[in-house]
Structure formats: C-alpha cells, structure tokens
Amino acid sequence: MQKRTKILLIVIVALAAILRFAALDSIPPGIYPDEALNGTEGYRAATTGDFKLFYPTNNGREGLWINLIGVVVKTLGPSQLSLRLLSAIVGTLTVLGVFFLARELFKSDSIALVAALLLATSFWHLNFSRIAFRAINVPLLTVWSFYFLLMAWERRSYVYFALAGVIFGI
C-alpha cells in the first residue's frame, strides 16, 4: 500500500470515528426502549455472570451483542455513552473493512478509498453506529467475512477460509 493511500485511509477512518464518537452521550438524545433493554439485560448478565446465548424477552434476541454491551456498561458504569460505545467502535471498524474488501474486489486503492469515505459519511450507517442496536453487527461481520473469503479464494489458504467461516458464523 502506498504512503498516500495509508494517509488517506487514516484520515477517512479518523473522520468515521469522529462522526461516530462525537457527543455520543447526547446525540441522539435519550435512549430507545430496545437499547435500554439490551443494556439492562447485559449489565445484569455481566454483574451476575449469567451470560446467555439467547434472551427470550423482546421477542427473543441472540446473546452476543447483549453480553458484550453488558461487559462495557459494567466496566465503564451505566450511562448513555457506555451503552452506545460498542456500536461506535463496530461502525468505525466496518469502514476499515469496507476499504479492504473494496480493495480486494476492485484491485484499486482509489475505489477502496471512495467506498470507505462513502460509508464513513453515510447517514444510515452513521445513525446505526450511534445507537445500541445489534443490527450494526451485520455490516461489520459481512464485510470482514467476505474479505477473508476472497483472500482465501485467491491465496488458497485454509487459514483465511477458517477466519471467514468463524466471522460469518458469529
């Protein structure tokens, strides 16, 4: 990767992080009921050690996201910021993943940078990166699983195939 590309990628990821982390404790205002339930159940699991694979309340939800939020909220203390911090991290990592996936697909640093910039500034992704809904995991896991699948296919590497499978399975 050229030095110019690295610098532009750092700028784009920094922009994505700034947009996702700035005033995270107040924008959007308040907490959605689903976020509150995720945080409450996650915090309870983290404090009691009773982590579940499936939470039946709220029409049922898989436990990974709730458990991760619980660990963050327990570590940082209950707040709107700690509840939404994980979403901002996931959203930022997705922007990085889009760069690598687009670079692998199109063999072009320019296209990959544009793709990352578009996702970094995309309203829908920015919105979901600032609320504690588990849906933000779908782009992250999809992008990285396809990236490693393409890497595995091109390099005929069982390690990359395994990584793709594990990430997709999560």
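All values reported here derive from a predicted model rather than from experimental measurement.

Trainee: Just checking my understanding: could you explain the overall build of the protein chain for this structure?
Mentor: Helix and strand content of the protein chain: 8 helices and 2 strands. Walking the protein chain from its N terminus toward its C terminus, one meets helices and strands in the order α-α-β-β-α-α-α-α-α-α. Against the compact-globule benchmark of 15 Å for 170 residues, the protein chain has a radius of gyration of 17 Å, which places it among compact chains. The dimensions of the protein chain, computed from C-alpha atoms along their principal axes, are 45 × 35 × 25 Å. Classification of the 170 residues of the protein chain by burial places 42% in the buried group. For the protein chain, contacts bridging at least 24 residues in sequence account for 69% of all contacts bridging at least 6. With the model as given, the accessible surface of the protein chain reaches about 9300 Å², and the carbon-plus-sulfur share is 71%.

Trainee: How do you make sense of the nonpolar core when you look at a structure like this?
Mentor: As a rule of thumb, soluble globular proteins bury nonpolar side chains together. Core analysis: the biggest nonpolar cluster contains 29 residues, and Ile69 and Val95 have the highest contact counts within it. Put simply, the parts of the chain that give this core at least two residues each are helix 1 (3-21), helix 3 (63-76), helix 4 (80-106), helix 5 (109-120), helix 7 (137-155) and helix 8 (158-169). Element by element, the count of residues in this core is highest for helix 4, at 8 residues. If we skip the residues at most four places from it in the chain, Ile69 touches Asn38, Gly39, Leu83, Leu86 and Ala132.

Trainee: Please explain helix 8 as it appears in this structure.
Mentor: Think of an α-helix as turning once every 3.6 residues; residues three or four places apart then point the same way. In this model helix 8 runs 16 Å from its N-terminal to its C-terminal C-alpha over 12 residues, within 8% of the 16 Å that 1.5 Å per residue would give. For helix 8, the side-chain oxygen to backbone nitrogen distance between the N-cap and Val159 is 3.3 Å, and the N-cap itself is Ser157.

Trainee: Sorry if this is basic, but what is going on with the side chain of Glu41 here?
Mentor: With respect to the helices and strands, the residue Glu41 is situated in helix 2 (residues 33-48). Discounting residues that sit within four places of it in the chain, Glu41 has contacts with Tyr55, Thr57, Arg61 and Ile66.

Trainee: When you look at the environment of Lys52 in this model, what are you seeing that I'm missing?
Mentor: For Lys52, the location among the structural elements is in the loop between helix 2 and strand 1 (54-55). Note on Lys52: relative accessible area 34%, which makes it partly exposed. Spatially, the C-alpha atom of Lys52 lies 21 Å from that of Leu85, the residues being 33 residues apart in sequence. Setting aside chain neighbours within four positions, we find Lys52 in contact with Gly63 and Asn67.

Trainee: Whenever I open this one, helix 7 confuses me. Can you help?
Mentor: Taking 1.5 Å per residue, 19 residues should reach 27 Å; helix 7 reaches 27 Å between its end C-alpha atoms and fits that length. Turning to helix 7, its buried residues number three or more, namely Asn137, Pro139, Leu140, Val143, Trp144, Ser145, Tyr147, Phe148, Met151 and Ala152. Buried-residue contacts for helix 7 involve helix 3, helix 4, helix 6 (123-128) and helix 8. Taken from the residues just after helix 7, Arg156 is the one with a positive phi, measuring 50 degrees.

What counts and how
- Residues numbered from 1 in each chain as written.
- Predicted model: local features only at pLDDT ≥ 70, side-chain atom pairs only at ≥ 80, totals over all residues.
- Heavy atoms only, no water.
- Helix = DSSP H or I, 4+ residues; strand = E, 2+ residues; numbered from the N terminus.
- Rg over C-alpha atoms; globule rule 2.2 N^0.38 Å.
- Buried < 20%, exposed > 50% of the residue type's maximum accessible area, 1.4 Å probe, protein only.
- Contact = heavy atoms within 4.5 Å.
- Areas by Shrake-Rupley, 256 points an atom, 1.4 Å probe, with all protein chains shown as cover.
- Core = buried A, V, L, I, M, F, W, Y, C linked by side-chain atoms within 4.5 Å.
- Expected span 1.5 Å × (residues − 1).
- Polar contact = N/O pair within 3.5 Å; in protein donor to acceptor, adjacent residues only side chain to side chain.

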